[in-house]
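Descriptive structure summary
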Amino acid sequence: MPYRQFDRSRVRLRPLSERVHDLDRSILLDPNNIQVSFEHPAIPILAERIVQAAEKEASIIAFCGAHVLRKGNGPLLIDLMEKGLLTHLALNGAGAIHDFELALIGATCESVARYIRTGEFGLWCETGRINEAAILAAREGLGFGEALGRMIEEERFPYRQTSVLAAGYRLGVPVTIHVAIGQDIVHEHPNFDAAATGQASYTDFLVFTESVARLEGGVYLNIGSAVAGPEVYLKALSMARNVARQEGREIRHFTTAVFDLVAIGDDWSSEAPKDDPRYYYRPFKTVLVRTVADGGESLYIQGDHRETVPALYTEIIRRWQSRSP
């Protein structure tokens, strides 16, 4: 006999106009006016690898946690996509939500502490339209990111020019969304279709894996994602290497980089022992050690995303412009 389930039809939604927003468009960084104070010896190395990957037409993939967008880096990522210096951007569900809300109303983020007390956290009408995009994606065989980017672009959201999802759709650059059911606020909504969302997100996983299949000579960036980025990348790389091996190819010579706040020490040539808490930090053992152990190279950049990402962006552009005729 099935267990009793919560009746979500009883949930009351409110319009976004009644929500107090913690962030607005003032956080967005301007690619033409970047003030860089952050320095790290890995930044020039990584920037050079990215420019070289672009010259080889190898994949340049960034898997970004939601805080990367919340720190205002969206316009920088868009500029890299426009210049062919970022060939695939992957987001978790929260990142997609922030991008959608910024494109629609020019604001995002709410106080969890404030709204969870009243049972209103995440229950905002307009944000639930993300679920409509997932349903259309499943119906049309599209990835979640492509369908949501299309909605933002074709419905002419007021601030679509700074939406990474809309930019991906305009440019034909994959921006994929990797969802964990029950993890995002739109999963609270009565119009959430778990089957459609799962199908659309899995389509994006296969799109992501296709990009990983072209990673030889390329770059994988894991920026502010402690679990989703490393785990999705790990499975995609295993699939891609399985097929490459059958075809007599290799996916071994590429660069990975992790950007995060966590202190992991100066040596990531081997993973930490199991009695060390760092062993359970997936970006360390997965992105920096295990997946590059047979020919790749890894780099770790510790710092705030509002400082580290602009520093990398500026160095990439400087090197890319120096090569332009």
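Notes on the structure in this doc start here. Note that this is a predicted model, so its numbers are computed, not measured.

Two faces, one strand: in a regular strand the side chains alternate between the faces of the sheet. The buried fraction of strand β2 (residues 60-64) amounts to 5 of the 5 residues, a majority that puts the element mostly inside the structure. With burial as the criterion, each face of β2 is covered, one bearing Ile60, Ala62 and Cys64 and the other bearing Ile61 and Phe63. Inspection of the sheet shows β2 paired to strand β6 (residues 219-223) by 5 bridges, in the parallel sense. The residue bridging Phe63 from the neighbouring strand is Asn222, located in β6. Inspection of the sheet shows β2 paired to strand β3 (residues 88-92) by 4 bridges, in the parallel sense. Bridge pairing in β3 places Cys64 opposite Leu91.

The next subject is a nonpolar patch on the surface. Judged by side-chain polarity, Tyr202, Leu206 and Met239 come together as a nonpolar surface patch covering roughly 280 Å² of accessible area. With respect to the helices and strands, the residue Met239 is situated in helix α10 (residues 228-246). Met239 sits in the partly exposed class, given a relative accessible area of 35%.

Listed in full, the buried residues belonging to helix α8 (residues 164-171) are Val164, Leu165, Ala166, Ala167 and Gly168. Against the buried residues of α8 lie α2 (66-70), α3 (74-82), β3, α4 (93-105), α7 (144-154) and β5 (175-178). If you check the start of α8, you find a side-chain oxygen 3.3 Å away from the backbone N of Leu165, and it comes from Ser163. Count one or two residues on from α8 and you reach Gly172, which has phi positive near 75°.

As a further point, take α4. Between the first and last C-alpha of α4 there are 18 Å, a value that for 13 residues agrees with the 18 Å anticipated at 1.5 Å per step. Most of α4 is tucked away: 10 of the 13 residues are buried. Those residues of α4 not exposed but buried are Gly93, Gly95, Ala96, Ile97, His98, Asp99, Phe100, Glu101, Leu102 and Ala103.

Quick look at the side chain of His178 now. Residue position: His178 is located in strand β5. A distance of 2.8 Å separates the side chain of His178 from the side chain of Thr176, its partner in a polar contact.

In this section: unusual backbone geometry. Even without glycine at this site, Glu57 takes up a positive phi of about 60°. Note on placement: Glu57 falls in the loop between α1 (42-56) and β2. Residues other than glycine seldom take positive phi values, yet Arg156 does so here, at roughly 55°. Relative to the assigned elements, Arg156 resides in the loop between α7 and α8. Taking relative accessible area as the criterion, Arg156 reaches 57% and is therefore assigned exposed.

Another aspect to go through is the sheet that holds β2. Strand order in the open sheet formed by 6 strands is β5-β3-β2-β6-β7-β8, with parallel pairing between adjacent strands. Both edges of this open sheet fall to β5 and β8 (297-302), since each of them pairs with a single strand only. On average, each strand axis in the sheet is inclined to that of its neighbour by 15°, with strand direction left out of account. Of the strands in this sheet, β2, β6, β7 (255-260) and β8 are in contact with α1, which crosses β8 at around 130°. Docked against the sheet, helix α11 (residues 282-289) engages β6, β7 and β8, running at close to 160° with respect to β7.

Cut-offs and rules
- Residues numbered from 1 in each chain as written.
- Predicted model: local features only at pLDDT ≥ 70, side-chain atom pairs only at ≥ 80, totals over all residues.
- Heavy atoms only, no water.
- Buried < 20%, exposed > 50% of the residue type's maximum accessible area, 1.4 Å probe, protein only.
- Helix = DSSP H or I, 4+ residues; strand = E, 2+ residues; numbered from the N terminus.
- Pairing = 2+ DSSP bridges.
- Patch = residues over 30% accessible without salt bridge, like charges linked within 9 Å, V, L, I, M, F, W, Y side chains within 5 Å.
- Areas by Shrake-Rupley, 256 points an atom, 1.4 Å probe, with all protein chains shown as cover.
- Salt bridge = Lys/Arg side-chain N within 4 Å of Asp/Glu carboxyl O.
- Contact = heavy atoms within 4.5 Å.
- Polar contact = N/O pair within 3.5 Å; in protein donor to acceptor, adjacent residues only side chain to side chain.
- Expected span 1.5 Å × (residues − 1).
- Axes fitted to C-alpha atoms, helices over the stretch in contact; angles between N-to-C directions.

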